[in-house]
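Spelled out from the first residue to the last, the chains are:
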Amino acid sequence: ERQDKPCGRWSCNIHTPDWTKMIDLSVMPPMQPGDFDADAARDVLAERQRQVTAEGWTPEHDDQHVEFEMASAAGVYALAAGTKDRRFNERGSYSNDYFEAALKLWPWDRSWWKPKDRRRDLVKAGALILAEIERLDRARNLIAGGNSNE
């Protein structure tokens, strides 16, 4: 059975009840060389490394962000990249209603909000997502280790 459900401006075309099979990674063919843009992945990893070495956002620092701040910041950068109207304001930063709405989700001081261009904003978002995933994995491993009877 097919149901069209609204997803913003688009229809999601969700198939029920078997829609979960669409995201079952065990049935997906393995990735092959050339299946993704290696430059994009390399840029996200390089940005993550820059965040650690240049900004000092070490794993220990990131572990203090237990309210999912890095995921929120990544979302704001991704939203900024998705806006159609990227105008500079008098302060030399991007500003429009969409940006202002996204910035309400920004978890840190506004001085840390530094959009540049769509690709760079997406690279920053990817690196922040990676940092958040790493933090979640460390927390999970810490909990699993603490529950060990060894």
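This one's a predicted model, so the numbers in the text were calculated from it and none came from an experiment. (Residues numbered from 1 in each chain as written. Predicted model: local features only at pLDDT ≥ 70, side-chain atom pairs only at ≥ 80, totals over all residues. Heavy atoms only, no water.)

With that settled, consider the nonpolar core. The biggest cluster of nonpolar side chains holds 14 residues, and the ones touching the most others in it are Val76, Tyr77, Trp106, Trp113 and Leu128. Of all elements in the fold, only helix H3 (69–82), helix H4 (97–103) and helix H5 (118–146) reach the threshold of two or more residues within this core. Counting residues per element, this core draws most heavily on H3, at six residues. Look past the residues within four positions of Leu128 in its chain and what remains in contact with it is Gln51, Met70, Ala73, Ala74, Tyr77 and Trp108. (Core = buried A, V, L, I, M, F, W, Y, C linked by side-chain atoms within 4.5 Å. Buried < 20%, exposed > 50% of the residue type's maximum accessible area, 1.4 Å probe, protein only. Helix = DSSP H or I, 4+ residues; strand = E, 2+ residues; numbered from the N terminus. Contact = heavy atoms within 4.5 Å.)

To continue, consider the pattern of salt bridges. Under the counting rule described, the total for this entry stands at 10 salt bridges. For Glu55, the salt bridge is made with Arg50, and the minimal N-O distance between the two is 3.0 Å. Taking the shortest distance from any N to any O, the salt bridge between Glu132 and Arg135 comes out at 2.8 Å. With Glu132 and Arg135 both in helix H5 and three residues apart, the pair spans about one turn of that helix. (Salt bridge = Lys/Arg side-chain N within 4 Å of Asp/Glu carboxyl O.)

Enumeration over the complete set of coordinates arrives at five aromatic pairs. Relative to Trp106, the ring of Tyr77 lies with its centre 5.5 Å away and its plane at 85 degrees, an arrangement referred to as edge-to-face. Placement of Tyr77 in helix H3 and of Trp106 in the loop between H4 and H5 is noted, with a sequence separation of 29 residues between them. Where Trp106 meets Trp113, the ring centres are 5.4 Å apart and the plane angle is 65 degrees; that geometry is what we call edge-to-face. Just as Trp106 is buried, Trp113 falls in that class too. Among the aromatic residues, ring-to-ring pairing joins Tyr77, Trp106, Trp108 and Trp113 into one connected group. (Phe/Tyr/Trp six-rings, centres within 6.5 Å; stacked < 30°, edge-to-face > 60°.)

Our next topic: the side chain of Arg135. Residue classification places Arg135 among the buried residues on the basis of a relative accessible area of 6%. Within the structure, Arg135 has its side chain in polar contact with the side chain of Glu132 (distance 2.8 Å). Contact partners of Arg135, with chain neighbours within four places excluded, come to Asp62, Asp63, His65, Val66, Phe68 and Met70. (Polar contact = N/O pair within 3.5 Å; in protein donor to acceptor, adjacent residues only side chain to side chain.)

Let us now look at the confidence of the model for the chain. Looking at the chain, the pLDDT average stands at 76 and 64% of residues meet or exceed 70. Confidence, expressed as mean pLDDT per element, reaches its minimum in the chain at strand S3 (residues 10–11) with 39 and its maximum at helix H1 (residues 38–53) with 92. (pLDDT = per-residue confidence, 0-100.)

This paragraph deals with the layout of surface pockets. Of the pockets and cavities examined, the largest pocket occupies roughly 360 Å³. Taken together, 18 residues form the lining of the largest pocket, with Gln51, Trp57, Trp108, Trp112 and Leu128 sitting closest to its centre. When residues of the lining of the largest pocket are traced back to their parent elements, those giving at least two are H1, helix H2 (59–62), H3 and H5. Here the element with the most residues in the lining of the largest pocket is H1; it accounts for four residues. In terms of residue class, the lining of the largest pocket is made up of eight nonpolar, three polar and seven charged. (1 Å grid on protein atoms, 1.4 Å probe; cavity = no way out; pocket = protein on both sides within 12 Å on 5 of 7 lines; lining within 4 Å. Points joined across faces, edges and corners; volume = space filled by probe spheres on them. Nonpolar A, V, L, I, M, F, W, Y, C, P; charged D, E, K, R; others polar.)

Under the 1.5 Å per step criterion, the end-to-end length of H3 is 20 Å for 14 residues, consistent within 8% with the ideal 20 Å. Of all the positions in H3, only Glu69, Met70, Ala73, Ala74, Val76, Tyr77, Ala80 and Ala81 are classed as buried. Down the axis of H3, the sector holding all buried residues measures 160 degrees, keeping them to one side. (Expected span 1.5 Å × (residues − 1). Arc of directions from axis to C-beta.)

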